[in-house]
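Spelled out from the first residue to the last, the chains are:
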Amino acid sequence: MRQGYKTIVVGAALILIWVQHCLGQQVIPENGSRINFTRPYFEVPQGPVSGKYVFYIKQVNATAGAKKKVAKVRANCRAAISPVTLSFQATYEWYYKIKQFGFTRFQSPTYTFTTANSELLDTNLQKIVWEKMPPKKQQGIIVLDGLKIAVDMQGKPVFFLPNSKQDRALRDINLTPQGTITYIDNQNGDVAEIDLNGEMLWHYPTPLSKQQSTEHYHHEFEKLPNGNYLLAGKKPIKELNHSSLSAELPGEMLSETIIEVNLEGEEVWRFNLLPELKEQFNLQPPNGSINMSRLGHLNGMAIDTLNNVIYASFKTFNSIFKISRSNNQIMRKIGLETIHFNDSLISGEHFSQQHCPTLLPNGNLLIFNNGTAKTGSGFVELNLQNKEGSATEVVNQVYFKKYFPNEYYTPQMGSAQLVNNNAVLVGMGNKPLFFEVTRNGEKINWIGRTYYNDAWSSKRYNWQPQTNYRVFYYSSLFQYQFVVDTLADNRGIKIINTGTEPDTYEVLWLENDTVLFTQRVSLKPSKSIKLNKNAGKGRLRVVVKSIQCKIIREI
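Reading the values: the criteria
- Residues numbered from 1 in each chain as written.
- Predicted model: local features only at pLDDT ≥ 70, side-chain atom pairs only at ≥ 80, totals over all residues.
- Heavy atoms only, no water.
- Helix = DSSP H or I, 4+ residues; strand = E, 2+ residues; numbered from the N terminus.
- Contact = heavy atoms within 4.5 Å.
- Areas by Shrake-Rupley, 256 points an atom, 1.4 Å probe, with all protein chains shown as cover.
- Pairing = 2+ DSSP bridges.
- Axes fitted to C-alpha atoms, helices over the stretch in contact; angles between N-to-C directions.
- Phe/Tyr/Trp six-rings, centres within 6.5 Å; stacked < 30°, edge-to-face > 60°.
- Buried < 20%, exposed > 50% of the residue type's maximum accessible area, 1.4 Å probe, protein only.
- Core = buried A, V, L, I, M, F, W, Y, C linked by side-chain atoms within 4.5 Å.

1. A word on the overall build of the protein chain
Counting its secondary structure elements, the protein chain contains three helices and 41 strands. For the protein chain, contacts bridging at least 24 residues in sequence account for 54% of all contacts bridging at least 6. When the accessible surface of the protein chain is split by element, carbon and sulfur atoms take 49% of a total near 25,300 Å².

2. A few points about the sheet that holds strand β35 (residues 482–486)
The sheet built from three strands is open, its strands ordered β35-β36-β39 with antiparallel pairing. The strands lining the two open edges of the sheet, one partner per strand, are β35 and β39 (528–532). Strand-to-strand twist of the sheet, defined as the mean angle between neighbouring strand axes without regard to direction, takes the value 20 degrees. As defined by bridge partners, β35 adjoins strand β36 (residues 492–497) across five bridges and the pair is classed as antiparallel. The residue of β36 that forms the bridge with Val483 is Ile496.

3. Looking at the environment of Tyr204
Within the element layout of this structure, Tyr204 appears in strand β16 (residues 200–204). Distance in space between the C-alpha atoms of Tyr204 and Val261 is 9.0 Å, their sequence separation being 57 residues.

4. Considerations on the packing of aromatic side chains
Under the counting rule described, the total for this entry stands at 30 aromatic pairs. Arranged with centres 5.5 Å apart and planes meeting at 35 degrees, the rings of Tyr41 and Phe478 form a pair that is tilted. Here Tyr41, found in strand β2 (residues 41–43), pairs with Phe478, found in the loop between β34 (471–474) and β35; they are 437 residues apart in sequence, far enough to count as distant. Of the two residues, Tyr41 and Phe478, both sit in the buried class. For the pair Tyr204 and Tyr217, a centre-to-centre distance of 5.6 Å together with 55 degrees between the ring planes defines the contact as tilted. Linking Tyr204 in strand β16 with Tyr217 in strand β17 (residues 216–223), this pair joins segments that are 13 residues apart in sequence.

5. Notes on the sheet that holds strand β23 (residues 319–324)
In space, the four strands of this open sheet follow the order β21-β22-β23-β24, with antiparallel pairing throughout. Both outer strands of the open sheet, β21 (298–304) and β24 (330–335), are each paired with one neighbouring strand and no more. In this sheet, adjacent strand axes meet at a mean angle of 20 degrees when their direction is disregarded. Direction of pairing for β23 relative to β24: antiparallel, over a ladder of five bridges. Each bridged residue has a counterpart across the sheet, and for Ser319 the counterpart in β24 is Gly335.

6. Here's the deal with the nonpolar core
Residues Phe55, Trp94, Tyr96, Phe159 and Ile181 are the most contacted members of the largest nonpolar core, which totals 47 residues. Ranked by residues supplied to this core, first place goes to strand β6 (residues 90–100) with five residues. Contact partners of Phe159, with chain neighbours within four places excluded, come to Asn36, Phe37, Phe88, Ile149, Ala150, Ile181, Leu196 and Leu477.

7. Quick notes on unusual backbone geometry
Cis geometry is adopted by the peptide bond preceding Pro29, which originates at Ile28 and carries an omega value of -5 degrees. Counting through the fold element by element, Pro29 comes out in the loop between α1 (2–22) and β1 (33–35). Here the bond from Tyr204 into Pro205 is cis, since omega is 5 degrees, no more than 30 degrees from zero. Among the secondary structure elements, Pro205 is positioned in the loop between β16 and α2 (207–212). Residue Cys356 is not a glycine yet carries a positive backbone phi of 55 degrees. Mapped onto the elements of the fold, Cys356 is located in strand β25 (residues 355–359). Backbone geometry places Asn420, a non-glycine residue, at a positive phi of 55 degrees. Topologically, Asn420 is positioned in the loop between β29 (415–419) and β30 (423–427).

8. What to know about helix α3 (residues 273–281)
Every buried residue belonging to α3 is among Leu273, Leu274, Pro275, Glu276 and Leu277, and all of these are buried. Against the buried residues of α3 lie β19 (254–261), β20 (267–272), β22 (309–314), β23 and β24. Downstream of α3 by one or two residues, Asn282 has phi in the positive range, about 55 degrees.

Dropping the structure here:
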C-alpha cells in the first residue's frame, strides 16, 4: 500500500514538470475540434513517465447530462487509432492514462471533440444495400466516389466528403498516404486536394493557368511519391506545339494529355498524345467526321516510379501505352497494335474498353476489363515482362458472367484493386454493384449495391442506381503514421509505426546541421525499433523521415 502511495506522489511531481514542459505541444484530436470522420487517430506528447498507454473515449449526451463509454484502447505507445466506428453528429470526451505494474502513473486532462453531419449520410437520400455482408473480422474502409463517403467493412460510414449534395460530378476520390483526399471535379475540369475536414490544400488549375489555357482535367488525378501531382487532361491542339500535325485538322480538336505539376502549380512534365502519335508512328486523325473529344479517351494511369514509366489506358484504342517519362517515347502498346481514331470496332485480344490499370507488388498489371456484351466484364492480370501477345502474357483472367447473369457487363467506368494479395475489390462502373471476389475468381466474398433517392428534397423513396466511377479499399484513414520517442538519458530514440501499413524510415543523426550518419529501417504496423547513438557522442539532433508519406519528425 505504501509503495503505491509513493508511486502516486512521485507521479504527481513528474506531472507538474511535464505539463509545464509540454504546454503548446499538439494533442490529436485537438481539444474542441470538429471532425468529418468517425475512426479518429489519437496522439499525445511523450509522457513524463514510462508505461503502457490507455485511451478512454466517452460519448456525451448534453441533453440528458450523461456520458457513455464507447471505447477503451490499450496501446504500447502514445498513439492509437479508434478500434470502433463512432457516431456522426455527436460529442465525445477522451483522456488517457499511463500505467505501470497496475498503477496509474499519469492521467491527462479531459479533451473534447465533435463529429459533423451531412446529408450524404442520410439513408433517406442515399444508401448501401448489402446482398452479402463482409465478415465481421474484416478490417479496413471502402471509399465509394458515387456516394462521396467511406464506410467500414460492416457498412457504417466513417467519412464523408465535405461538399454539397448537389455536387455529384466529383469522381476518383482517393486517400493519399499523407491522410488527405484528392478528387476530380469532372464538370468544371479541375482537381483538388483537401484535408479530411474539407480545408483546401491544393487546387488546379490556378486562376492564372485557367486564364491561359482551356485544358480540361478528367478521369485520373493522383498525388505522386515526390509530392507532385499527375493529371489526365484534354487540350485543343491549337494550344499545343503541333507543327507535326496537319494544318487541316481543326484547332478545336482535343488531344489527350498527361501532366505532372508541382506544389507551386508549375508544370514539370507533359505528354501530348496526338503530336506524339504523329512524330513516333506517323499517325494522325482523318480530316473527316470523327468525335473530336474522344480521340483515345484516356481514362486511367499507373505510374512506375522506379523505372520512370507510365501505363496509360486509352479506352477507344482498346490499348494501354507504356510511356517513358524521360523522353515521351511510347515503348509498348499493350492490347491492339493498330490504332483506330474512330471508336475501335475491333475487340482487344485480352481486354476491351478497359479502365483503372494498377501495378501490383509482383510487377504485373491489373486491369478492369469492361469487355464486350458477349464476354461480359471482368479483370485481367498481365505479366509485363513477357512478350506482348504471347500465351504467357495473361496470368489471370476472370469474368463475372457466372455470378451476375443479368448485370455481368458494364460498358462504362469500373475499377479493380488487389486487396490483401488474395482478393480483388471490384466496382462495376455504371452498375450499382461493388463486391470482393477471390483473385482466381473462384467465389464472391461479399456484395454491396449503392442507390440514391432522386427526390433529394423530400422523403419519398424513388430510388435510382448510384454509379461509382471507382471503388477503393484502404486499411484505414491513417495508413501511415509514426511517433518518435527519446530513450532514457538521451541514449537514442524509439520509432513506432502507429499506422496500418508497413513503412520505411530514414533516420538522420545530426550535429550542428552536419549529418554524422544515417540509418534506414522498415517497420510493420504496431512494430517498433530502438536506435542507439554512436558511442562517445553527446546530444544529437535526430530527423526521421517516412519514405511513404514524406512526413518528417525532428527531436
